[in-house]
Amino acid sequence: MKVLLINGSPKTDGNTAFALRQMADVFQTKGVEVEIIQVGSQSIRGCTACGGCAKIGKCVFDDLVNETAEKLKTADGLVLGSPVYYASPNGTLLSFLDRLFYSSGHIDKRMKVGASIAVARRGGCSATYDELNKYFTINNMPIAPSQYWNSVHGRFPGEAVKDEEGMQTMRTLARNMIFMMKSFSLGKEQFGLPEKEAEAKRTSFIK
């Protein structure tokens, strides 16, 4: 089993990183390989809708997006962590995810387990959590649950440790992801992946 943890915060040692490490500790204890990818501190441009990825099989801007896409091929799970900016994920993370998911359409993501976590001083976690989950549900990726919505509270680096419920939610989320990844792995061995129709239908009423 392998999980990619995406840190959308510009802080490499802030509360988002701390929340992800809570999960990483559980994964590693259970023998799951973990890689944390620092996105928020990078210069990631947004998608330009050029369509080049459909021709070359990757984003035309050869940066961390393409590096992560290669790793996503063999990953069993993906965790998206973001601080809350105006009740929304970090803009750099959104640019990264738009390009990652769109340019990697050739990568079969079915039954790779996804999870999102939002970190805030106070409000906006639910809206951020919902927005991040949209990347999973449009790609046939089941979302792992926890004992509460996946939010952690803290403003200054290290304050998240005081949010005992948030920390427990992270640990529970990691354990649930492990169960789901292992269960799906066994299911794929016995039954294979769900049947996929040969042609993707796209609704458009413009003639």
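First, a word on what this report is: a plain description of the structure on this page.

Calculation criteria
- Per chain, residues are indexed from 1 in the order of the written sequence.
- Residues qualify for local features only when their pLDDT is at least 70, as the model is predicted, and side-chain atom pairs are given and counted only at 80 or more; totals for whole chains, interfaces and linings, by contrast, use all residues.
- Side-chain measures were taken over the full set of non-hydrogen atoms in the model, leaving aside hydrogen atoms and water.
- Helix and strand assignments come from DSSP, with helices taken as H or I runs of at least 4 residues and strands as E runs of at least 2, each series counted from the N terminus.
- Pairing of N or O atoms within 3.5 Å defines a polar contact, subject to two protein rules: one partner must be a possible hydrogen donor and the other a possible acceptor, and residues neighboring in sequence count only if both atoms are side-chain atoms.
- Contacts were defined at the residue level, with two residues in contact if any of their heavy atoms lie within 4.5 Å.
- Burial status follows relative accessibility: with a 1.4 Å probe on protein chains alone, a residue under 20% of its type maximum counts as buried, one over 50% as exposed, and anything between as partly exposed.
- Think of it this way: DSSP has to see at least two bridges between two strands before they count as a pair.
- Take the buried Ala, Val, Leu, Ile, Met, Phe, Trp, Tyr and Cys residues and link them wherever side-chain atoms come within 4.5 Å; each set so joined is a nonpolar core.
- Multiplying 1.5 Å by the residue count of a helix minus one yields the expected span of that helix.
- Salt bridges are defined as contacts in which a side-chain nitrogen from Lys or Arg sits within 4 Å of a carboxyl oxygen from Asp or Glu.

## Regarding the side chain of Ser9
So, step 1. You can see Ser9 is positioned in the loop between strand 1 (2-7) and helix 1 (15-29).
So, step 2. From its side chain, Ser9 meets the backbone nitrogen of Lys11 in a polar contact 3.0 Å long.
So, step 3. When residues no more than four places from it in sequence are discounted, the contact partners of Ser9 are Thr16, Gln38, Gly40, Ser41, Gly81 and Pro83.

## Considering the environment of Phe205
So, step 1. Within the fold, Phe205 resides in the segment after helix 6 (164-191).
So, step 2. Once the C-alpha coordinates of Phe205 and Leu72 are considered, the two residues, 133 residues apart in sequence, prove to be 34 Å apart.

## Some details on helix 3 (residues 64-72)
So, step 1. When we look at burial in helix 3, the residues that qualify are Leu64, Val65, Asn66, Thr68, Ala69 and Leu72.
So, step 2. Summarising the contacts, the buried residues of helix 3 are in contact with strand 1, strand 2 (33-38), strand 3 (77-85) and helix 4 (91-103).
So, step 3. Taking the backbone nitrogen of Val65 as reference, a side-chain oxygen 3.0 Å away marks Asp63 as the first, capping residue of helix 3.

## Here we look at the pairing of strand 5 (residues 113-120)
So, step 1. Counting buried residues along strand 5, 8 of its 8 residues qualify, which places the element largely inside the surrounding structure.
So, step 2. With burial as the criterion, each face of strand 5 is covered, one bearing Val113, Ala115, Ile117 and Val119 and the other bearing Gly114, Ser116, Ala118 and Ala120.
So, step 3. When strand 3 meets strand 5, the two strands line up parallel, connected through 7 bridges. What sits directly across from Leu78, in strand 5, is Gly114.
So, step 4. Pairing between strand 5 and strand 6 (residues 151-153): 3 bridges, direction parallel. Bridge pairing links Val119 to Val152 in strand 6.

## A word on unusual backbone geometry
So, step 1. In this structure, Ala87 takes a positive phi of about 60° despite not being glycine.
So, step 2. Turning to its location among the elements, Ala87 is positioned in the loop between strand 3 and strand 4 (88-89).
So, step 3. Look at Ala87 and you get partly exposed, because its relative accessible area is 39%.

## Description of the nonpolar core
So, step 1. Of all hydrophobic cores here, the largest spans 26 residues; its most connected members are Val3, Leu5, Met23, Phe27, Val79 and Met177.
So, step 2. Tallying contributions element by element places helix 6 first for this core, with 8 residues.
So, step 3. Those residues in contact with Met23 that sit more than four places away from it in its chain are Val79, Ile117, Met170, Leu173, Ala174 and Met177.

## Things to note about the side chain of Ser95
So, step 1. Mapped onto the elements of the fold, Ser95 is located in helix 4.
So, step 2. On the basis of relative accessible area, Ser95 is assigned to the buried category, the value being 18%.
So, step 3. The contact partners of Ser95, leaving out residues within four places of it in the chain, are Ile44, Arg45 and Gly46.

## Examining helix 4
So, step 1. With 13 residues, helix 4 extends 18 Å from end C-alpha to end C-alpha; this agrees with the ideal 18 Å at 1.5 Å per step.
So, step 2. Residues of helix 4 that are buried include every one of Leu93, Leu94, Ser95, Phe96, Leu97, Arg99, Leu100, Phe101 and Ser103, and no others.
So, step 3. Those residues of helix 4 hidden inside the fold are in contact with strand 1, helix 2 (52-56), helix 3, strand 3, strand 4 and helix 5 (125-137).
So, step 4. At the N-terminal boundary of helix 4, the capping side chain belongs to Asn90, with an oxygen 2.6 Å from the backbone nitrogen of Thr92.

## Looking at the pattern of salt bridges
So, step 1. Applying the stated criterion across every chain yields a total of 7 salt bridges.
So, step 2. Notably, a salt bridge pairs Asp13 with Arg21, separated by 3.0 Å at the nearest N-O pair.
So, step 3. Since its relative accessible area comes to 52%, Asp13 is described here as exposed.
So, step 4. A salt bridge links Glu199 to Lys201; the shortest N-O distance between them is 3.5 Å.
So, step 5. Note on Glu199: relative accessible area 52%, which makes it exposed.
So, step 6. One network of salt bridges, in which partners are shared, links Lys2, Glu35 and Lys71.

## Focus on the pairing of strand 3
So, step 1. By the criterion of burial, strand 3 is predominantly enclosed, with 8 of the 9 residues buried.
So, step 2. Pairing of strand 1 with strand 3, which is carried by 5 bridges, proceeds in the parallel orientation. Pairing of Leu4 across the sheet is with Leu78, part of strand 3.
So, step 3. Where strand 3 and strand 4 come together, 2 bridges link them in antiparallel fashion. Bridge pairing links Tyr85 to Ser88 in strand 4.
So, step 4. Where strand 3 folds back on strand 4, the antiparallel hairpin that results is connected by 2 residues, among which Tyr86 adopts a positive phi of roughly 50°.

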